[in-house]
Amino acid sequence: MKVNAKPRVSLLACAGLGVAIAGAALIGTAIPSKPARALVVYDPTNYAQNLLTAARTLQAVNNQIRSLQNEAQSLINEAKNLTTIRFPELQALTQTLQKIDTLMGQAQGIRFQVSTLNKQYRQLYPTSGSTSLSLASQVSAARSRMETAMAAYEHTMSIQAQVVENVEADAASLSAIVDRSQGAEGALQASQATNQLLALTAKQQFQIQQMLAAQYRAEAIERANRTQSASDAQAATKKFLGSGTAYTPD
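A.B. asks: Can you walk me through the pattern of salt bridges in this structure?
C.D. replies: As enumerated under the stated definition, the model contains two salt bridges in all. Asp-170 serves as the salt-bridge partner of Lys-203, at 2.7 Å between the closest nitrogen and oxygen. Remark: Asp-170 occurs in helix α5 (residues 135-182) and Lys-203 occurs in helix α6 (residues 187-241); sequence separation between them is 33 residues. The pair Lys-203 / Asp-170 is uniform in exposure class, with both members buried. Between Glu-222 and Arg-226 there is a salt bridge; the shortest N-O distance is 3.3 Å. Taken together, the residues Glu-222 and Arg-226, both in helix α6 and four residues apart, mark about one turn of the helix. Its relative accessible area of 22% is what places Glu-222 among the partly exposed residues.

Rendered as structure tokens:
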């Protein structure tokens, strides 16, 4: 009886294949496998778009920074325009004007007062009726007029002297105001420096007006004295001549 050998060989081959597979599996589990590296994909179009976006963003940031700088500079300029400038000479200018006002108020005889001027003038210069006065009264009136004229000239010279002193002080004030005007930072300081110069100019004009008023007063008193003297001389001559009729003895 013959035994068939082919099926036995097949079984052995299958068993050997199974052993090989199992061994390969064990070897695979015993040896760790390395992970595969990720592949970098370079897209030139996307890179260029990202670069352009970044450049535009940077430009926008720079524009914002520049705008903030401009706003800050504008605020600084506005602050300078609102900065005031000191004027320490104002008190000195006011005091010098007050000195001249005080001197103007010291006028004697005929004062710078409209309410009393007419009365004082008529007392010193009675254009009519002076011949009815006695000789002593006429001499006293003439002496009063002479004293009034002398006081008027003295008063004028006092005001002129005060104006000269003020001009010396005004020169220092003018120099200080010009220095501040040249160093003005904003529009307000420049405007205030201009106003200070105008105030100094106005003060000098007031001084000139007051000096001229005192001088014209003295000249007017002198002319009035001459007119009164001429009137008194005519009246005395007329009184001395009488009616003009020659003397006829009895």
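A.B. asks: I tried to follow a nonpolar patch on the surface on my own but got confused; where do I start?
C.D. replies: A cluster of nonpolar side chains, namely Ile-208, Leu-212 and Tyr-216, defines an oily patch on the protein surface of about 280 Å² accessible area. In this structure, Leu-212 sits in helix α6.

A.B. asks: Honestly, the side chain of Thr-156 in this entry has me stumped. Any pointers?
C.D. replies: When you line up the elements, Thr-156 lands in helix α5. Take Thr-156: its relative accessible area is 6%, and that puts it in the buried class. At a separation of 2.9 Å, a polar atom in the side chain of Thr-156 contacts the main-chain carbonyl oxygen of Ala-214. The contacts of Thr-156, once residues within four sequence positions are left out, are Ala-214, Gln-215 and Ala-218.

Definitions and limits used
- Residues numbered from 1 in each chain as written.
- Predicted model: local features only at pLDDT ≥ 70, side-chain atom pairs only at ≥ 80, totals over all residues.
- Heavy atoms only, no water.
- Salt bridge = Lys/Arg side-chain N within 4 Å of Asp/Glu carboxyl O.
- Helix = DSSP H or I, 4+ residues; strand = E, 2+ residues; numbered from the N terminus.
- Buried < 20%, exposed > 50% of the residue type's maximum accessible area, 1.4 Å probe, protein only.
- Patch = residues over 30% accessible without salt bridge, like charges linked within 9 Å, V, L, I, M, F, W, Y side chains within 5 Å.
- Areas by Shrake-Rupley, 256 points an atom, 1.4 Å probe, with all protein chains shown as cover.
- Polar contact = N/O pair within 3.5 Å; in protein donor to acceptor, adjacent residues only side chain to side chain.
- Contact = heavy atoms within 4.5 Å.

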